Amino acid sequence: MIYRRAFEFARARLSEGRFEHSLSAAEYGHALGRQYGVDPERVYLAGLLHDVARELPAGSLLLYARKQGIILRKEEKTCPLLLHGKVAVSIVQKELGIKDKGVLNAIASHVVGRRRWTKLEQILYIADKVEPTRAYPGAGLVRGLLEEGEFERALLECLRNAIVYAAQSRGWIVDTETVVVFNENAKTQA
Ligand SMILES: [Fe+2]
Ligand SMILES: [Fe+2]
């Protein structure tokens, strides 16, 4: 059973706290999938596995990326942690045999978003940022919007929070992809 294997796989690779976060993102994402018409099982699987490369050191992330032929963007060279989604994809393909392109894309894009992304990717992105163990002030607001059915506004708030948080954190950078995705969403709303 792939869910059991994915569960054990993530548990073996992550600290207790980050595993709890992954499980919570999977469960919250499952509920959002049901609410917003995306296959909950696929969100759940992506949630369990999205951070399996999150605790690898920068050197390993760069090595994995190079071996996989991932062409590094400027931001990823500056801040290799941004690669942890793409590297997770190559790990779960190889070690768990995950082939579902939608699930793999969701894992890849959970870090900074992706232009023209699918609803599945958007749901994992949101679930990662505001699953119930996330306690920063903006998270509660986003969860409230989601309860009210305001998916697009919730997504925009998540992107805004991510940009502001990155800009305010020393040792971190604002990824241009997130800015592009934010602008794509922002221009569609009043
Ligand atoms: Fe992550
Ligand atoms: Fe995460």
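See the structure printed just above.
Structure report, in brief. What you see is a predicted model; the values in this text were computed from it and never measured. (Residues numbered from 1 in each chain as written. Chains lettered and ligands numbered in written order. Predicted model: local features only at pLDDT ≥ 70, side-chain atom pairs only at ≥ 80, totals over all residues.)

## Considering the packing of helix α2 (residues 16–36) against helix α8 (residues 119–130)
For step 1, the next point in the chain: Here α2 crosses α8 at 135°, and the two axes come no closer than 9 Å. On the basis of their axis angle, the class for α2 and α8 is oblique. In the crossing of α2 with α8, the sense of the turn from one axis to the other is right-handed. Here A25, Y28, G29, L32, G33 and Y36 of α2 lie close against α8, whose contacting residues are K119, I123, L124, I126, A127 and D128.
For step 2, the next point in the chain: A per-class count over the contact of α2 with α8 returns 8 nonpolar, 2 polar and 2 charged. (Axes fitted to C-alpha atoms, helices over the stretch in contact; angles between N-to-C directions. Helix = DSSP H or I, 4+ residues; strand = E, 2+ residues; numbered from the N terminus. Parallel < 35°, antiparallel > 145°, perpendicular 65-115°, else oblique. Left-handed = near helix turned anticlockwise from the far one by under 90°. Contact = placed C-beta atoms within 7 Å. Nonpolar A, V, L, I, M, F, W, Y, C, P; charged D, E, K, R; others polar.)

## Some remarks on α2
Every α-helical turn comprises 3.6 residues, leaving residues that sit three or four positions apart pointing alike.
For step 1, the next point in the chain: Between the first and last C-alpha of α2 there are 30 Å, a value that for 21 residues agrees with the 30 Å anticipated at 1.5 Å per step.
For step 2, the next point in the chain: For α2, the set of buried residues is H21, S22, A25, A26, Y28, G29, H30, L32 and G33.
For step 3, the next point in the chain: Against α1 (2–13), α3 (40–49), α8 and α9 (137–147) lie the buried residues of α2.
For step 4, the next point in the chain: Of the residues one or two after α2, G37 is the one with positive phi, at around 75°. (Expected span 1.5 Å × (residues − 1). Buried ≥ 20, exposed ≤ 12 C-beta atoms within 10 Å, placed from the backbone.)

## Things to note about unusual backbone geometry
The phi torsion of most residues other than glycine is negative, and most of the peptide bonds are trans.
For step 1, the next point in the chain: The backbone of R116 sits at a positive phi, close to 55°, despite the residue not being glycine.
For step 2, the next point in the chain: Examined against the element boundaries, R116 turns out to sit in the loop between α7 (101–109) and α8.
For step 3, the next point in the chain: Accessibility expressed as a C-beta count within 10 Å gives 7 for R116, which makes it exposed.

What is shown is where atoms sit, not what they do.
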